[in-house]
Amino acid sequence: MENLIAVFIAVFLAEFGDKTQLTTIAFASKYGWKTAFIGAILALATVNIIGTLVGEVLGDVLPMDLIHEGAGVLFIVFGILMLLGKL
């Protein structure tokens, strides 16, 4: 149960105030909260199931240190691309 709480807190904090939330706010103002809520739930569930399945496979074949380093590099690359307006 404590692992579930840790995952919830980490994902909640990572998602709070990000582009996804701002996009959902914009959609809610245009289509109403119910449509935006259902669409956001379906989209996030789909993205997260892909992430969990890939993460489980990677966790079985790669050392955790390499996964953490790779994730860090990807965050930096995406951050630079966003700053340059490429994403």
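Structure shown above.
Everything in this summary refers to the structure shown in the same document. (Residues numbered from 1 in each chain as written. Predicted model: local features only at pLDDT ≥ 70, side-chain atom pairs only at ≥ 80, totals over all residues. Heavy atoms only, no water.)

### Quick word on the overall build of the protein
Inference 1: Each helix and strand in the protein was counted, giving 4 helices and 0 strands.
Inference 2: When the helices and strands of the protein are placed in sequence order, the string is α-α-α-α.
Inference 3: For a compact globule of 87 residues, the expected C-alpha radius of gyration is about 12 Å, and the protein comes in at 16 Å, more than 25% above that figure.
Inference 4: Its C-alpha atoms give the protein principal-axis dimensions of roughly 45 × 40 × 20 Å.
Inference 5: Looking at the 87 residues of the protein, the share that counts as buried comes to 2%.
Inference 6: For the protein, the computed accessible surface area is about 7500 Å², with 76% contributed by carbon and sulfur atoms.
Inference 7: Mean positive and mean negative side-chain charge positions of the protein (4 and 7 charges, respectively) differ by 26 Å. (Helix = DSSP H or I, 4+ residues; strand = E, 2+ residues; numbered from the N terminus. Rg over C-alpha atoms; globule rule 2.2 N^0.38 Å. Buried < 20%, exposed > 50% of the residue type's maximum accessible area, 1.4 Å probe, protein only. Areas by Shrake-Rupley, 256 points an atom, 1.4 Å probe, with all protein chains shown as cover. Lys, Arg positive; Asp, Glu negative; His and termini not counted. Charge placed at Lys NZ, Arg CZ, Asp CG, Glu CD.)

### Quick look at the layout of surface pockets
Space left empty within the atom packing is revealed by a probe, the size of a water molecule, rolled over the atoms.
Inference 1: Considered as a void within the structure, the largest pocket measures approximately 1100 Å³ in volume.
Inference 2: Around the largest pocket, the lining comprises 29 residues; the ones closest to its centre are Glu-15, Val-47, Asn-48, Gly-51 and Phe-75.
Inference 3: Residue assignment for the lining of the largest pocket shows that the elements contributing at least two residues are α1 (2-15), α2 (19-31), α3 (33-61) and α4 (64-83).
Inference 4: Here the element with the most residues in the lining of the largest pocket is α3; it accounts for 11 residues. (1 Å grid on protein atoms, 1.4 Å probe; cavity = no way out; pocket = protein on both sides within 12 Å on 5 of 7 lines; lining within 4 Å. Points joined across faces, edges and corners; volume = space filled by probe spheres on them.)

### Looking at the packing of α2 against α3
Inference 1: The geometry of α2 relative to α3 is characterised by a closest axis approach of 7 Å and an angle of 145° between their N-to-C directions. Note that α2 runs across α3; the crossing there is right-handed. Touching Thr-20, Thr-24, Phe-27, Ala-28 and Tyr-31 of α2 are Trp-33, Thr-35, Ala-36, Ala-40 and Leu-44, all from α3.
Inference 2: Here the contact of α2 with α3 is composed, by residue class, of 7 nonpolar, 3 polar and no charged. (Axes fitted to C-alpha atoms, helices over the stretch in contact; angles between N-to-C directions. Left-handed = near helix turned anticlockwise from the far one by under 90°. Contact = heavy atoms within 4.5 Å. Nonpolar A, V, L, I, M, F, W, Y, C, P; charged D, E, K, R; others polar.)

### Topic: the packing of aromatic side chains
Inference 1: One pass over the structure, following the stated rule, counts 4 aromatic pairs.
Inference 2: Aromatic side chains Phe-8 and Phe-12 sit 5.8 Å apart centroid to centroid with 20° between the ring planes, which places their arrangement in the stacked category. Placement of both Phe-8 and Phe-12 in helix α1 is noted, with a separation of 4 residues, approximately one turn of the helix.
Inference 3: Residue classification places Phe-12 among the partly exposed positions, given a relative accessible area of 43%. (Phe/Tyr/Trp six-rings, centres within 6.5 Å; stacked < 30°, edge-to-face > 60°.)

Remember, this is a structural readout, not a statement about activity or role.
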